[in-house]
Amino acid sequence: KDPGGFVPGEPMATFDRFPPGSTYKVVTTAAVYNLKPTLSGFTWGPAKCTKKGTIPGTNTTICNDASTPTSASTCGGPLRVMLPESCDPGYVMLGLAVGGTAMAKQSDLLGVNSAPPIDITGVNPSHFPPATQFTTAPTHVGKGGLALAAFGQGTVSLTALQNAMDAAAVANTGAEMTPHVMSQIRNAQGGLVQQYKSKLYKQAMSAQAAHQVRTLMYLVANTSIGTAYGIFPRTEQVAAKTGTAQVTVTPNAKTTSYIDDWMIAFAPAPAPTVAVAVVVPHQPTYTYGATTAGPLVQQMIAATLAEQRAHGVT
């Protein structure tokens, strides 16, 4: 392994796992509309932090984009506000309301704990804790662990491929397709031997639930409160979610903190033809998914849409 912990020769997009941070709020939101629709009217705040004692089993408070109330920013409201502004304490309380069983089920519906059946080697499953872990008390499990998992922290870890598949499932009316690299096989004379045929992998959520999540992700990039606002041209009609995952490790008794910066997105939102996930790991603690991963996603989506237009893809 290199000093960053990566394995040379293995594809990072399918092999390495990172805490997804706030991109996992998409999964939490999907769990609401797909499995707990009675929570679709959920409202929290506005406030800066959760109150002490509201997370069962711990006095820990979760503040918005900060570790203390002094440096936290106020957030909250209904889901149409909470997701665009990426309200951490609001999603803590939403995740607790959804519950560990539904959160684990929605994760499994997306294939989070299975290795995606892509036609290459070096593919790892992502990880979301089983529901049984949320009924015990140690660090990162129990209700405290569920609170962290709801906004992509704690023991949750995703590959870039899995996060792209999550975005694509929302874009594709809840149908998660089998990922693949091979498009065609041709012989030495250029004749077509085999053409890849799209296959359903999992029905990750209902079409209605996917539509609701898609609408909220569109607001992330197209309203002034959205964390991805201003990154994409309005003409591209991008739906997105940012993620800024805080990671603390203690190698050789020396504590080090860094950020894994994420963004997932798809476009054009009314009829998507491209879905993207970008993770930029091991970044300084002052960085954000929007400003670090965002420009990369913007370039990838712009280039793909331009290539599709050039070939008449609609």
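All figures in this text were calculated on a predicted structure; none of them were measured in a lab.

Draft legend 1. Expanded view of the overall build of the protein chain. Looking only at helices and strands, the protein chain has 10 helices and nine strands in total. Rg of the C-alpha trace for the protein chain: 19 Å, near the compact-globule value of 20 Å for 314 residues, within the 12% margin. Each principal axis of the C-alpha distribution contributes one length, and for the protein chain these read about 70 × 45 × 35 Å. Taking all 314 residues of the protein chain together, the buried fraction comes to 48%. In the protein chain, 67% of the contacts between residues at least 6 apart in sequence involve partners at least 24 apart. Of the roughly 14,300 Å² of accessible surface on the protein chain, a fraction of 55% belongs to carbon and sulfur atoms. Positive and negative side-chain charges of the protein chain, numbering 19 and 14 respectively, have mean locations separated by a distance of 9 Å.

Draft legend 2. Representation of the packing of helix H2 (residues 25-35) against helix H5 (residues 100-109). Remark: H2 packs on H5, axes separated minimally by 9 Å, with the N-to-C direction vectors making an angle of 100°. Viewed along their axes, H2 and H5 adopt a mutual orientation that is roughly perpendicular. Along its contact with H2, which presents Val27, Thr28, Ala30, Ala31, Asn34 and Leu35, the element H5 presents Ala102, Met103, Lys105, Gln106, Ser107 and Leu109. Broken down by class, the residue content of the contact of H2 with H5 amounts to seven nonpolar, four polar and one charged.

Draft legend 3. Inspection of helix H7 (residues 160-171) at higher detail. With 12 residues, H7 ought to run about 16 Å at 1.5 Å a step, and its terminal C-alpha atoms sit 17 Å apart, in line with that. Burial within H7 is extensive, with 11 of its 12 residues counted as buried. For H7, the full list of buried residues reads Ala160, Leu161, Gln162, Asn163, Ala164, Met165, Asp166, Ala167, Ala169, Val170 and Ala171. After H7 finishes, the residue threonine 173 shows a positive phi value of roughly 50°.

Draft legend 4. Expanded view of H5. Of all the residues in H5, the buried ones are Gly100, Ala102, Met103, Ala104, Gln106 and Ser107. Where H5 is buried, its residues meet H2, helix H4 (88-98) and helix H6 (142-149). Just downstream of H5, glycine 111 is the residue with a positive phi angle, here 85°.

Draft legend 5. Here's a closer look at the pairing of strand E8 (residues 256-267). Of all 12 residues making up E8, 10 are buried, and the element is well covered by its neighbours. Here strand E7 (residues 239-249) runs beside E8; their pairing, made up of 11 bridges, is antiparallel. The residue bridging threonine 248 from the neighbouring strand is serine 257, located in E8. Both E8 and strand E9 (residues 274-283) contribute to a ladder of eight bridges, which runs antiparallel. The residue of E9 that forms the bridge with methionine 263 is valine 278.

Draft legend 6. Structural detail: the packing of H2 against H4. At a closest axis distance of 10 Å, the pairing of H2 and H4 adopts a crossing angle of 40°. Judged by the angle between their axes, H2 and H4 are oblique. Here H2 and H4 pass one another in a crossing that is left-handed. Counting all contacts with H2, which are made through Lys25, Thr28, Thr29, Ala31 and Val32, the residues of H4 involved are Asp88, Tyr91, Leu94, Gly95 and Val98. Here the contact of H2 with H4 is composed, by residue class, of five nonpolar, three polar and two charged.

Draft legend 7. Up close: the packing of aromatic side chains. Counted according to the given criterion, the structure contains two aromatic pairs. A ring pair is formed by tyrosine 24 and phenylalanine 128, whose centres lie 5.5 Å apart and whose planes are at 10°; its orientation type is stacked. Of this pair, tyrosine 24 sits in the loop between helix H1 (12-15) and H2 while phenylalanine 128 is found in the loop between H5 and H6, placing the two residues 104 residues apart along the sequence. Overall, tyrosine 24 belongs to the buried group, its relative accessible area being 0%. A residue is classified by how much of its surface remains accessible, and phenylalanine 128, at 1% relative accessible area, is buried. Members of the aromatic cluster, connected to one another through ring pairs, are Tyr24, Phe128 and Phe134. The ring centre of tyrosine 201 lies 5.2 Å from the NZ or CZ of lysine 202, which sits over that ring.

Draft legend 8. Summary view of the environment of glutamine 195. Within the element layout of this structure, glutamine 195 appears in strand E5 (residues 192-195). Residues glutamine 195 and methionine 300, 105 residues apart in the sequence, show an inter-C-alpha distance of 25 Å. Residues within four places of glutamine 195 in sequence aside, it is in contact with Ser183 and Gln184. A distance of 3.4 Å separates a polar side-chain atom of glutamine 195 from the backbone oxygen of serine 183.

The rules behind each value
Position numbers for residues count from 1 along each chain, tracking the sequence in the order it is written. Totals for whole chains, interfaces and linings use all residues, but because this is a predicted model, local features are given only for residues with pLDDT of at least 70 and pairs of side-chain atoms are given and counted only at 80 or more. Hydrogens are left out, water is left out, and the side-chain values use all remaining heavy atoms of the structure. Elements are defined by DSSP. Helices are runs of H or I of four residues or more, strands are runs of E of two residues or more, and each kind is numbered from the N terminus. Computation of the radius of gyration draws on C-alpha atoms, with the globule rule given as 2.2 Å multiplied by the number of residues to the power 0.38. Throughout, exposure labels follow a simple rule: accessible area from a 1.4 Å probe, protein chains only, divided by the maximum for the residue type, with under 20% read as buried, over 50% as exposed, and the rest as partly exposed. We call two residues in contact whenever any of their non-hydrogen atoms come within 4.5 Å of each other. All accessible areas in this document rest on Shrake-Rupley with a 1.4 Å probe, and a residue is counted as covered only by the protein chains that are shown. By the counting scheme adopted, Arg and Lys are positive, Glu and Asp are negative, and His together with the chain ends is not counted. For the purpose of locating charges, the reference atoms are NZ of Lys, CZ of Arg, CG of Asp and CD of Glu. Inter-axis angles, ranging from 0 to 180 degrees, are taken between N-to-C directions of lines fitted to C-alpha atoms, where helices are fitted over the stretch in contact. Reported orientations rely on four angle classes, namely roughly parallel under 35 degrees, roughly antiparallel over 145, roughly perpendicular from 65 to 115, and oblique for the rest. Residue polarity is assigned by list, with Asp, Glu, Lys and Arg as charged and Ala, Val, Leu, Ile, Met, Phe, Trp, Tyr, Cys and Pro as nonpolar; anything else, Gly included, falls into the polar class. Take the number of residues in a helix, subtract one, and multiply by 1.5 Å to get its expected span. Two strands are counted as paired when DSSP detects at least two bridges linking them. The handedness criterion is simple: a crossing whose near helix is rotated anticlockwise from the far helix by less than a right angle is left-handed, and one whose near helix is rotated clockwise is right-handed. Stacked, tilted and edge-to-face are the three classes applied to pairs of Phe, Tyr and Trp rings, where Trp contributes its six-membered ring and a pair requires centres within 6.5 Å; stacked means planes under 30 degrees apart, edge-to-face means over 60, and tilted covers the rest. We count a charge as sitting over a ring when the NZ of a lysine or the CZ of an arginine lies within 6 Å of the ring centre and within 35 degrees of the ring normal. Here a polar contact is taken to be a pair of N or O atoms separated by no more than 3.5 Å, where protein atoms must pair a possible hydrogen donor with a possible acceptor and residues adjacent in sequence count only if both atoms sit in side chains.

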